[in-house]
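Residue-level listing of the chains:
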Amino acid sequence: MKDQDENTNAFLIHISSFAGYLFPLGSIITPLILWQTQKDRSVYLDEHGKEAVNFNISYGLYIFILSASFFTFFIRNFFRILDNFNGVDFGHHFNTHGNFFNFFGIFSIVGIITLIKIALIIIASMKAKNGEHYSYPFIIKFIK
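Residues numbered from 1 in each chain as written. Predicted model: local features only at pLDDT ≥ 70, side-chain atom pairs only at ≥ 80, totals over all residues. Heavy atoms only, no water.

### Here's the deal with the overall build of the chain
Counting secondary structure elements, the chain contains 4 helices and 0 strands. Secondary structure of the chain in N-to-C order comes out as α-α-α-α. Out of the 144 residues belonging to the chain, those deemed buried represent 33%. Put simply, 70% of the contacts in the chain that link residues at least 6 apart link residues at least 24 apart. When the accessible surface of the chain is summed, it comes to about 8900 Å², and 69% of that surface belongs to carbon and sulfur atoms. (Helix = DSSP H or I, 4+ residues; strand = E, 2+ residues; numbered from the N terminus. Buried < 20%, exposed > 50% of the residue type's maximum accessible area, 1.4 Å probe, protein only. Contact = heavy atoms within 4.5 Å. Areas by Shrake-Rupley, 256 points an atom, 1.4 Å probe, with all protein chains shown as cover.)

See below:
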């Protein structure tokens, strides 16, 4: 395979992560399929495919953890609302100060992580298009 073809295919592997905005788990499945079909063609494509898949799995895990914390925030407030509405004591007495800021704090973190993800995908895609190797920061190496 020519260098330009390798660069283009590596670019497509990275940029295919945006498929996650089109269908569920697309940011993991699409780069995984592209990497699996092209990893035997060159070491360069194998390295970029592993990086892209590891990044998207790690990002998905980070968002899952944030979502779990967001879920506990809603459960906590649900019991608080029930305590106040019915006058029934469920035995859950929570500190309700700052709930408004906690709610928007979680959304802010998710928004910042999403912007960082978009920026990192674009950086990795451009580096791959130029024939350079790129390692995403803060990823867990699920595939070695």
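### Examining the confidence of the model for the chain
In this model, the chain carries a mean pLDDT of 83, and residues with pLDDT of at least 70 account for 77%. Ranking the elements of the chain by mean pLDDT puts helix H3 (residues 43-86) last, at 82, and helix H2 (residues 26-38) first, at 94. (pLDDT = per-residue confidence, 0-100.)

### As for a nonpolar patch on the surface
Taken together, the side chains of Leu-61, Tyr-62, Phe-64, Ile-65, Phe-138, Ile-140 and Phe-142 present a nonpolar region at the surface, about 730 Å² in accessible area. Within the fold, Phe-64 resides in helix H3. A relative accessible area of 58% means that Phe-64 is categorised as exposed. (Patch = residues over 30% accessible without salt bridge, like charges linked within 9 Å, V, L, I, M, F, W, Y side chains within 5 Å. Salt bridge = Lys/Arg side-chain N within 4 Å of Asp/Glu carboxyl O.)

### Details of the packing of helix H1 (residues 3-15) against H2
Interaxial distance between H1 and H2 falls to 8 Å at its minimum, and their mutual angle equals 155 degrees. Judged by the angle between their axes, H1 and H2 are roughly antiparallel. Where H1 crosses over H2, the handedness of that crossing is left-handed. Along the contact surface, H1 presents Asn-9, Leu-12 and Ile-13, while H2 presents Pro-31, Leu-34, Trp-35 and Gln-38. Class assignment of the residues belonging to the contact of H1 with H2 gives a composition of 5 nonpolar, 2 polar and no charged. (Axes fitted to C-alpha atoms, helices over the stretch in contact; angles between N-to-C directions. Parallel < 35°, antiparallel > 145°, perpendicular 65-115°, else oblique. Left-handed = near helix turned anticlockwise from the far one by under 90°. Nonpolar A, V, L, I, M, F, W, Y, C, P; charged D, E, K, R; others polar.)

### Brief notes about the layout of surface pockets
For the largest pocket, the calculated volume is near 240 Å³. Lining the largest pocket we find 14 residues, and of these Gly-20, Ser-27, Tyr-59, Ile-63 and Lys-117 sit closest to its centre. At the level of secondary structure, the elements contributing two or more residues to the lining of the largest pocket comprise H2, H3 and helix H4 (99-129). Here the residues of the lining of the largest pocket sort into 8 nonpolar, 5 polar and 1 charged. (1 Å grid on protein atoms, 1.4 Å probe; cavity = no way out; pocket = protein on both sides within 12 Å on 5 of 7 lines; lining within 4 Å. Points joined across faces, edges and corners; volume = space filled by probe spheres on them.)

### Things to note about H1
End to end, H1 covers 18 Å across 13 residues, agreeing with the expected 18 Å (1.5 Å per residue, within 8%). For H1, the set of buried residues is Glu-6, Asn-7, Asn-9, Ala-10, Phe-11, Ile-13 and His-14. (Expected span 1.5 Å × (residues − 1).)

### Comments concerning the packing of aromatic side chains
By the definition in use, this model includes 4 aromatic pairs. Taking 6.2 Å as the distance between ring centres and 25 degrees as the angle between the ring planes, the aromatic pair formed by Phe-18 and Tyr-21 counts as stacked. With a relative accessible area of 24%, Phe-18 lands in the partly exposed category. Taking the relative accessible area as the measure of exposure, Tyr-21 reaches 46% and is therefore partly exposed. Seen from their ring centres, Phe-55 and Tyr-136 are 4.1 Å apart, and the 10 degrees between their planes marks the pair as stacked. (Phe/Tyr/Trp six-rings, centres within 6.5 Å; stacked < 30°, edge-to-face > 60°.)

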